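Examining the three-dimensional arrangement
One-letter residues, chain by chain:
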Amino acid sequence: MDIQTWRAVQHKPVDRARLYDILKNKMRLKREPVAITYCDDAPPAGYVAVDVPVCAIVHRAERGQKVYVDAAHHDCFVGQYHLGLITPEQAGPLICDGEYLAMEQGFFTPEAARRNKHNSHTLPVGTIRAIAAAPLRDVADEVPIDVLIAITDPLRAMQLAGAAAVREGTLPHGELGPSSCSSIFAAPWLTQNTVFALGEGGGRRFNALDASEMFVALPAGHIPYVIEMFDNFWFKPDAVHHLLMPSHARQGNDPHAPSDQG
């Protein structure tokens, strides 16, 4: 699937200013939400190439920069491989079979490393030419937002990752183990689903995550659900508990509640 076909399936109208207000002022995200754009040609105007691991463009964007990496500008062959910017032949078994994982970390067995890479999400070669990131608050109207990424705590991650689940019933996809570039960039494209991920050591380090934070990545089709969710954000727990939990029903003297006696 090329980028234009993917966008035809995924993209829906969204009020970006309202989305940002919800994320920062209602959900109170501590870190800036980031807009990711897949590029099939030149990156958007005003975006600057950076020689960093691809996952690190999220942190750059959080700090107010508009950046991109491509086949010529990057600092990690693993990210290049998972984004389809280099071929498996170019990546070789060092990356494709995860040899680097066992070379770098004594707790990784070669077989586990191989399975890790073979089970990770990787875009087909040539799917994109670059990937760009910008702060959501600053992304230009004409620049597509293909994925929204937030780094946040588990409570807010649960709310964001669950937006599609509560509006259309699609349960999010969770990841632990793959490289962060695979989880937050390739997986949302290939699954066309929201992804929540703990990331791995490198991705967490390059994005300055603390012990209480994780990644959430929403593909374009799920972003409007964040607004819908907050437009309908109310609770009636007592009423529901009365129907579902016998102890609550008995406390309320519900005539329909089962009796303790026979």
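What you are looking at is a predicted structure, and each value in this text was computed from that prediction instead of being measured.

Section: the packing of helix H2 (residues 16–26) against helix H12 (residues 224–231)
Packing of H2 against H12 leaves a shortest axis separation of 9 Å and a crossing angle of 60 degrees. When the axis of H2 is compared with that of H12, the two are oblique. Crossing of H2 against H12: the hand is left-handed. For the pair H2 and H12, contact is made by Arg18, Leu19, Ile22, Leu23 and Lys26 and by Val226, Ile227, Phe230 and Asp231, respectively.

A closer look at the sheet that holds strand S4 (residues 130–135)
Pairing is mixed in the open sheet, where eight strands are placed in the order S2-S3-S4-S1-S5-S8-S7-S6. What marks the edges here is a single partner per strand, and that holds for strand S2 (48–49) and strand S6 (173–175). Sheet analysis places strand S3 (residues 67–70) next to S4, joined by four bridges and oriented antiparallel. Bridged to Tyr68 within S4 is Ala132. Seen against the sheet, helix H1 (residues 3–10) touches strand S1 (34–39) and strand S8 (214–219) and runs at an angle of roughly 135 degrees to S1. Its contacts with the sheet place helix H8 (residues 154–161) against strand S5 (147–152), strand S7 (195–197) and S8, and it is angled at close to 15 degrees to S8.

Some words on unusual backbone geometry
Generally, phi is negative for residues other than glycine and the peptide bonds are trans, each holding for most cases. Backbone geometry at Arg28 places phi at a positive 60 degrees, although glycine is not the residue there. The phi torsion at Gln192 lies on the positive side, around 50 degrees, for a residue other than glycine.

A closer look at the environment of Gly221
With respect to the secondary-structure elements, Gly221 resides in the loop between S8 and H12. Its relative accessible area of 5% is what places Gly221 among the buried residues. Residue contacts for Gly221: discarding those within four places in its chain leaves Gln10 and Lys12.

What counts and what doesn't
- Residues numbered from 1 in each chain as written.
- Predicted model: local features only at pLDDT ≥ 70, side-chain atom pairs only at ≥ 80, totals over all residues.
- Heavy atoms only, no water.
- Axes fitted to C-alpha atoms, helices over the stretch in contact; angles between N-to-C directions.
- Helix = DSSP H or I, 4+ residues; strand = E, 2+ residues; numbered from the N terminus.
- Parallel < 35°, antiparallel > 145°, perpendicular 65-115°, else oblique.
- Left-handed = near helix turned anticlockwise from the far one by under 90°.
- Contact = heavy atoms within 4.5 Å.
- Pairing = 2+ DSSP bridges.
- Buried < 20%, exposed > 50% of the residue type's maximum accessible area, 1.4 Å probe, protein only.

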